[in-house]
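Letter by letter, the chains look like this.
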Amino acid sequence: MCITSALAACCGAQQSETPWVVDRFDDIKVIRYEVPGFEALPLEEKELVYYLAEAAKCGRDILFDQNCAANLPVRRTLETVYENYAGDRTTAQWQALEKYLKKVWFANGIHHHYSNDKFVPEFTEEYLLEVCESIPSEKFGELTGLIGTVCRAIFDPELYPTKLNQTAGDDLLLTSSSNYYRGVSQAEAAKFYAAMAAADAGNPEPVSYGLNSQLVKDEQTGRIYERTWKVGGMYSPAIERIVYWLEKAASVAREPQKTNIEALISYYNTGDLKEFDRYNIGWVKDTVSNVDFVNGFIEDYGDPEGRKASWEANVNFMDKDACHRTEVISENAQWFEDHSPVAPEYRKKEVRGVSAKVITVAMLGGDCYPATPIGINLPNADWIRKEYGSKSVTIDNITYAYDMAAHGNGFDEEFVLRADDRERMARYGKLADDLHTDLHECLGHGSGQLAPGVKGGELGSYGSTLEEARADLFGLYYLGDEKLVELGLVPSFDAAKAGYAKYVMNGLMTQLARIEPGKNVEESHMRNRKLISEWCYERGKADNVIELVRENDKTYVVVNDFEKLRELFGELLYEVQRIKSEGDFEAGKALVERYAVTVDPALHAEVLARYSALGIEPYGGFVNPEFELVERGGKVVDVKISYPANYAEQMMNYSKNYSWLPNEN
Ligand code: ZN
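Since the structure is predicted, the reported quantities are computational estimates derived from the model, not experimental observations.

What counts and how
Residues numbered from 1 in each chain as written. Predicted model: local features only at pLDDT ≥ 70, side-chain atom pairs only at ≥ 80, totals over all residues. Heavy atoms only, no water. Axes fitted to C-alpha atoms, helices over the stretch in contact; angles between N-to-C directions. Helix = DSSP H or I, 4+ residues; strand = E, 2+ residues; numbered from the N terminus. Parallel < 35°, antiparallel > 145°, perpendicular 65-115°, else oblique. Contact = heavy atoms within 4.5 Å. Nonpolar A, V, L, I, M, F, W, Y, C, P; charged D, E, K, R; others polar. Donors = N, O, S within 2.8 Å, 3.2 Å for Na, K, Ca; no water. Buried < 20%, exposed > 50% of the residue type's maximum accessible area, 1.4 Å probe, protein only. Salt bridge = Lys/Arg side-chain N within 4 Å of Asp/Glu carboxyl O. Domains from an automatic or database assignment. Buried area = accessible area lost by both parts, 1.4 Å probe. Polar contact = N/O pair within 3.5 Å; in protein donor to acceptor, adjacent residues only side chain to side chain.

Engineer: What exactly am I supposed to notice about the packing of helix 3 (residues 60-67) against helix 4 (residues 71-84) here?
Structural biologist: Packed helices, taken two at a time, are described by the angle their axes make and the gap between the axes. Relative orientation of the contacting elements helix 3 and helix 4 amounts to 120 degrees, with a least axis distance of 7 Å. By the angle between their axes, helix 3 is oblique relative to helix 4. In contact with R60, D61, F64, D65 and N67 of helix 3, helix 4 contributes N71, L72, R75, R76 and E79. Each residue belonging to the contact of helix 3 with helix 4 can be placed in one class, and the counts come to two nonpolar, two polar and six charged.

Given below as structure tokens:
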């Protein structure tokens, strides 16, 4: 509603000639995003954005190394080739090599950012070696001795096959190629951290053990120990740069932000997770600072055990013009909680400090770049969320850029059978998406409470899928609630109809475009959408709530009864909340394994064929804007923003100017 019109107004003012999509390769499109409102910020806030943005770029190497130990040498070898090769760049082999490098940049490593599978190169090892031979060896520097390692990492299908293995029954740590554990089995890691937790038993403020370290087993002695990511520890050269820019940021920030930035610096300097908690508490409580940011080891989805966090960063400021949608939602947080269709004992008696806002992103870094979430809800520590609440944001300039990039790509015509569904999606699709994201982030993740004695880690590797399902179901259920009409957030139930039709179509069918043939669903957000859609499809079969219609040799997902579907969302939310609250691992496992994982090969093949006929890339990511300090007489007088539209150039620039880690860490 008002948000859409606010955006429409700003887009009218910015009709630029540059296309939104700046690069396409494989299953990826790279989009640029604009930062409306940056020029109008006061100078000190512009300067703050600048310093935080620099800090956001400095941890890129950390993520590469976290994703796989071979990633940095692979990236640097290919970049050296990309920069120096003087031979024919029009051959199929060269083009394949260039595409591979673009994929490595995008995924921050040699595994697909979504499926986690290792990329299959479409050029040969002989070709790579030949190209390397043609380049003066001094260009490779220290990489010269690593060419064997690099080739094995790229070409040996047995080595590093998947970044994140979630196959039940396997040792998930020994078989995952991410670099969070070295030589440590699942049982050994569990024992190591159980001992730590036992020492801290009864502490109402438990630190997030293992969050900021690699767990290593000494090959000789068998001793298991942590290498902490901090100044003076693992990843120190990059963390020192991050701290350098954070100190600059603290020098221009006002209270309470200044103190928070200092707490974060202290955490980076010491590796002390209590300092991280102190920072998070300060950060959650700060709802006044216009410029805000995320910078640290945040999300643990890349660790099969859900313990170690990947490095990410994001710099943003409030989108004050974008209406009060999220404010209205968070003002009514207690009402939503009290009416949630879950068991009364698992509702939060008192919802605390759900702060929600719409933001404009100014810089993406680490695990938020180039692929980024469109909503953020932090911090992750359960006890801080319970005591202090959480902060939730919807990133509007990113969803706007996605929308612009998808305009007129033929998707709806191909996959949506009924004209009234298409019309509703065209009219309410963005609103329904935005609201669903708001509800998911500001209320869904923060809702509910655990039974006494349940800590929150009981669901193990199924935890992230079930947590996303819980937040999504909360959003879906309330998207269709009368209350939203009453609050003036939607004009009618039609918005929910648009959202529901789109969600179920995606969960049952179209998201399969993101999966390679022969593979199952691995990523937790995708698993969650499949879980919800498949469960509702099966449960609603008797009433034909959701129907798979065959027409012209094509499959379509059609919702016949939206009200009934909403009831089903409520029923599943009841069960998923129960599973979380009681830490019922077996029930959680059964739900996920039954509904969220296995792909129907025939339907999968059909979706891939229809997608490829449309020429739509299923994944999107972004190039960042660039900021430049304008100084006069040694004083900063302005910060200029520009929008580069060359993906490879930006990546090469980051690799040259923001790369601090050695090849092997
Ligand atoms: Zn979520």
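Engineer: Looking at this structure, I do not really get the environment of E312. What am I missing?
Structural biologist: The residue E312 is located in strand 7 (residues 310-318) in this model. Residues E312 and V207 lie 105 residues apart in sequence; the distance between their C-alpha atoms is 20 Å. Beyond its immediate sequence surroundings of up to four residues, E312 is in contact with V294, N295, G296, I298, E299, G365, G366, D367 and C368.

Engineer: Would you take a moment to explain the coordination of the zinc ion for this structure?
Structural biologist: Octahedral six-donor coordination of a metal ideally yields angles of 90 or 180 degrees, compared with 109.5 degrees for tetrahedral four-donor coordination. Binding of the zinc ion to the protein goes through H440 (NE2), H445 (NE2) and E468 (OE), at separations of 2.1 to 2.2 Å. Donor residues binding the zinc ion come from one chain and are separated in sequence as H-x4-H-x22-E. There is no split in this pair, since H440 and H445 are both buried.

Engineer: Help me understand the pattern of salt bridges in this model?
Structural biologist: Pairing between side chains of opposite charge can happen when the charged atoms of each approach one another. In the structure shown here, the tally under the stated rule is 42 salt bridges. A salt bridge links R578 to E575; its shortest N-O distance comes to 3.0 Å. Placement of the pair is R578 and E575 together in helix 22 (residues 562-582), with a separation of three residues, close to one helical turn. Through salt bridges with shared partners, one network takes in E414, R550, D553, K554, E606 and R610.

Engineer: I keep staring at the domain arrangement of the protein chain and nothing clicks. Help me out?
Structural biologist: By convention, interface size is frequently given as the accessible area that disappears when the constituent parts associate. Once the domains are mapped, the protein chain shows domain 1 (2-58 + 233-622) and domain 2 (60-165 + 627-657). Here the C-alpha centre of domain 2 lies 29 Å away from the C-alpha centre of domain 1. Listed per partner, the contact involves 53 residues of domain 1 and 32 residues of domain 2. For the domain 1 and domain 2 pair, buried surface summed over both sides reaches about 3800 Å², with 65% attributable to carbon and sulfur atoms. Taken together, the links from domain 1 to domain 2 amount to five salt bridges. With a shortest N-O distance of 3.0 Å, K46 and D638 are connected by a salt bridge. If you look at where domain 1 meets domain 2, you find 13 residue pairs in polar contact (both at pLDDT 80 or more). Sorting the residues of the side of domain 1 that touches domain 2 by element identifies strand 1 (21-25), strand 2 (28-32), helix 2 (43-57), helix 9 (236-252), strand 7, strand 8 (355-366), helix 21 (524-539) and strand 13 (619-623) as the ones contributing at least two each. For the side of domain 1 that touches domain 2, the element with the highest residue contribution is helix 2, accounting for eight residues.

Engineer: Any chance you could explain the environment of E240 here in plain terms?
Structural biologist: Looking at the secondary structure, you find E240 in helix 9. Taking the relative accessible area as the measure of exposure, E240 reaches 42% and is therefore partly exposed. Through-space distance from the C-alpha of E240 to that of F474 is 41 Å; in sequence the pair is 234 residues apart.

Engineer: Can you walk me through helix 25 (residues 647-657) in this structure?
Structural biologist: Since the α-helix packs 3.6 residues into each turn, any two residues three or four apart lie on the same face. Taken together, the buried positions of helix 25 are occupied by Y647, A648, Q650, M651, M652, Y654 and S655. Where helix 25 begins, one side-chain oxygen reaches toward the backbone nitrogen of A648, 3.2 Å away; that side chain belongs to N646.

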